[in-house]
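Descriptive structure summary
If you want the building blocks of each chain, they are given just below.
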Amino acid sequence: MAAYFLLLLGFIILLAGGKILVDGASGIAVKLGMSAGLIGLTIVAFGTSAPELLVSVNAALKGNSDISIGNVIGSNIANIGLVLGITGLFYRVLIRRIHIRFDYTVTLLVSILFYGLSYNGIIETWEGILLLVLFIVFNFYLFKTSTIENPEIDEEIEQVKSFSWLKSIIYFIGGIVGLYFGSELLVENAVLISREFGVSERVIGVTIIAIGTSLPELITSIIAALSKRTDLALGNILGSNIMNILSIIGITAIIKPIEVSQEFINSDFLWMLGITILLFPLMRTKMQISKVEGSFLLLAYFTYIFFLL
């Protein structure tokens, strides 16, 4: 029971650490006079991906590469199947043409690249550098072309405007410490539980850890849908999938090359690509993800979990 409690505690500390890190870093950015757009594309985007990053790096350094890669693949499958599926049940997600032309196209291409780099069984340091360079180019392009105001970023900035330098720095350092200890608890106890039940670290990585680290995307997308800001819901999900591959796998591989087992290549990668491809006709039918399309995505996700287990 202690392992389950510590796993849950790890999730809570990890997610709280990500939030505190974003608040502290945003407070520092506001003090330095950074624009809302730049804060949104750098600090807030990085902060929401920080839990996945710390878990993947921690797992890779401990030699648990199945958790490291499973966390990203599982998160990307969960983001489309689970998060977008549930969001569609709450309120129909309207699709704009830019979502299909740019966001979806980049998501699909990056997913195929991820599969291609992993096909030989290892993502090496130079491949991590390639992904990180693409991540920087992607964010630079977004910053140069983005003209859409994001009320969530404006709200984030309003919350930290009153922060002093000291409070911002304490929050920033506290967030980093929380992310470190949260990821430690999560990885160690996930490995213990997987051994206790005789399931592979791959299964733990693509299910429990992936869903847990996708909670910020789920909460953000549901709130955006209930607020009828559905363009933010879809952009948040597709953007998260792109960030997961380019930044998390990129940085992790630079720190330590990631071994990719054949099970991932023959199964989980194909599910990730399949559910990403399935999203295209669902978006194109009526240019929306409503209850019907959301149900299809949820069915696809739970079918994956059924075959996995």
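Analysis parameters
Residues numbered from 1 in each chain as written. Predicted model: local features only at pLDDT ≥ 70, side-chain atom pairs only at ≥ 80, totals over all residues. Heavy atoms only, no water. Phe/Tyr/Trp six-rings, centres within 6.5 Å; stacked < 30°, edge-to-face > 60°. Helix = DSSP H or I, 4+ residues; strand = E, 2+ residues; numbered from the N terminus. Buried < 20%, exposed > 50% of the residue type's maximum accessible area, 1.4 Å probe, protein only. Patch = residues over 30% accessible without salt bridge, like charges linked within 9 Å, V, L, I, M, F, W, Y side chains within 5 Å. Areas by Shrake-Rupley, 256 points an atom, 1.4 Å probe, with all protein chains shown as cover. Salt bridge = Lys/Arg side-chain N within 4 Å of Asp/Glu carboxyl O. Contact = heavy atoms within 4.5 Å. Axes fitted to C-alpha atoms, helices over the stretch in contact; angles between N-to-C directions. Parallel < 35°, antiparallel > 145°, perpendicular 65-115°, else oblique. Left-handed = near helix turned anticlockwise from the far one by under 90°. Nonpolar A, V, L, I, M, F, W, Y, C, P; charged D, E, K, R; others polar. Expected span 1.5 Å × (residues − 1). Core = buried A, V, L, I, M, F, W, Y, C linked by side-chain atoms within 4.5 Å. pLDDT = per-residue confidence, 0-100.

**Quick notes on the packing of aromatic side chains**
Under the criterion given, the structure shown has 13 aromatic pairs. Ring centres 6.1 Å apart and planes at 10° place the aromatic pair Phe 102 and Phe 138 in the stacked group. Taken together, the positions of Phe 102 in helix α4 (residues 97–118) and Phe 138 in helix α5 (residues 125–145) put the pair 36 residues apart, joining distant regions of the chain. One exposure class covers both Phe 102 and Phe 138, and it is buried. Ring geometry for Tyr 115 and Phe 269: centres 5.4 Å apart, planes at 50°, overall tilted.

**Here we look at a nonpolar patch on the surface**
Together, Leu 32, Trp 165, Ile 169, Phe 172, Ile 173, Ile 176, Val 177, Tyr 180 and Phe 181 give the surface a local cluster of nonpolar side chains, amounting to about 860 Å² of exposed area. With respect to the helices and strands, Val 177 occurs in helix α7 (residues 165–197). For Val 177, a relative accessible area of 40% gives the class partly exposed.

**Quick notes on the side chain of Ser 65**
Inspection of the secondary structure assignment puts Ser 65 in helix α3 (residues 65–90). Here Ser 65 is in contact with Ala 59, Ile 258 and Glu 259, once residues within four sequence places are set aside.

**Here we look at the pattern of salt bridges**
Within the structure shown, the criterion is met by 4 salt bridges. The salt bridge involving Glu 184 is made with Lys 62; its shortest N-O contact spans 3.5 Å. Taken together, the positions of Glu 184 in helix α7 and Lys 62 in the loop between α2 (36–61) and α3 put the pair 122 residues apart, joining distant regions of the chain. Residue classification places Glu 184 among the buried positions, given a relative accessible area of 17%. The exposure class assigned to Lys 62 is partly exposed, which follows from its relative accessible area of 36%. The partner of Glu 263 in a salt bridge is Arg 202, with the nearest N and O atoms 3.8 Å apart.

**Examining the packing of helix α1 (residues 2–31) against helix α8 (residues 201–213)**
Relative orientation of the contacting elements α1 and α8 amounts to 30°, with a least axis distance of 10 Å. With respect to each other, α1 and α8 are oriented roughly parallel. Viewed along their axes, α1 and α8 form a crossing whose handedness is right-handed. Residues Leu 7, Phe 11, Leu 14 and Leu 15 of α1 form the contact with α8, whose own contacting residues are Ile 208, Ile 209, Gly 212 and Thr 213. Its residues placed into classes, the contact of α1 with α8 shows 6 nonpolar, 2 polar and no charged.

**Observations regarding α7**
Between its first and last C-alpha, α7 extends 48 Å over 33 residues, near the 48 Å set by a 1.5 Å rise per residue. Looking one or two residues beyond α7, the residue adopting positive phi is Gly 198, at roughly 75°.

**Digging into α8**
With 13 residues, α8 extends only 16 Å from end C-alpha to end C-alpha; this falls clearly short of the ideal 18 Å at 1.5 Å per step. Counting buried residues in α8 gives 11 out of 13 residues, a clear majority hidden from the surface. Restricting attention to buried positions, one finds in α8 the residues Glu 201, Arg 202, Val 203, Ile 204, Gly 205, Val 206, Thr 207, Ile 209, Ala 210, Gly 212 and Thr 213.

**Quick notes on the nonpolar core**
Residues Ile 69, Phe 114, Leu 279 and Ile 289 are the most contacted members of the largest nonpolar core, which totals 60 residues. The element best represented in this core is helix α10 (residues 230–255), accounting for 10 residues. Formed by 17 residues, the second largest nonpolar core is a distinct cluster that contains Ala 3, Leu 7, Val 191 and Ile 193.

**Examining the confidence of the model for the protein**
When pLDDT is low, close inspection of the predicted coordinates is not appropriate. Chain-level pLDDT for the protein is 83 on average; 87% of the residues reach the 70-or-more range. When pLDDT is averaged over each element of the protein, strand β2 (residues 122–123) comes out on top at 95 and helix α6 (residues 151–160) at the bottom at 64.

**Brief notes about the environment of Glu 124**
One can find Glu 124 in the loop between β2 and α5. Taking the relative accessible area as the measure of exposure, Glu 124 reaches 33% and is therefore partly exposed. Separated by 130 residues in sequence, Glu 124 and Ile 254 place their C-alpha atoms 7.5 Å apart.

**Description of the packing of helix α11 (residues 262–286) against helix α12 (residues 291–308)**
Here α11 crosses α12 at 170°, and the two axes come no closer than 10 Å. Considering their axes alone, α11 and α12 lie roughly antiparallel with respect to each other. Packed against α11, whose contacting residues are Asp 268, Trp 271, Ile 275, Leu 278, Leu 279, Leu 282 and Thr 285, the element α12 presents Glu 293, Phe 296, Leu 297, Ala 300, Tyr 301, Thr 303, Tyr 304, Phe 307 and Leu 308 at the interface. Of the residues contributing to the contact of α11 with α12, the split by class is 12 nonpolar, 2 polar and 2 charged.

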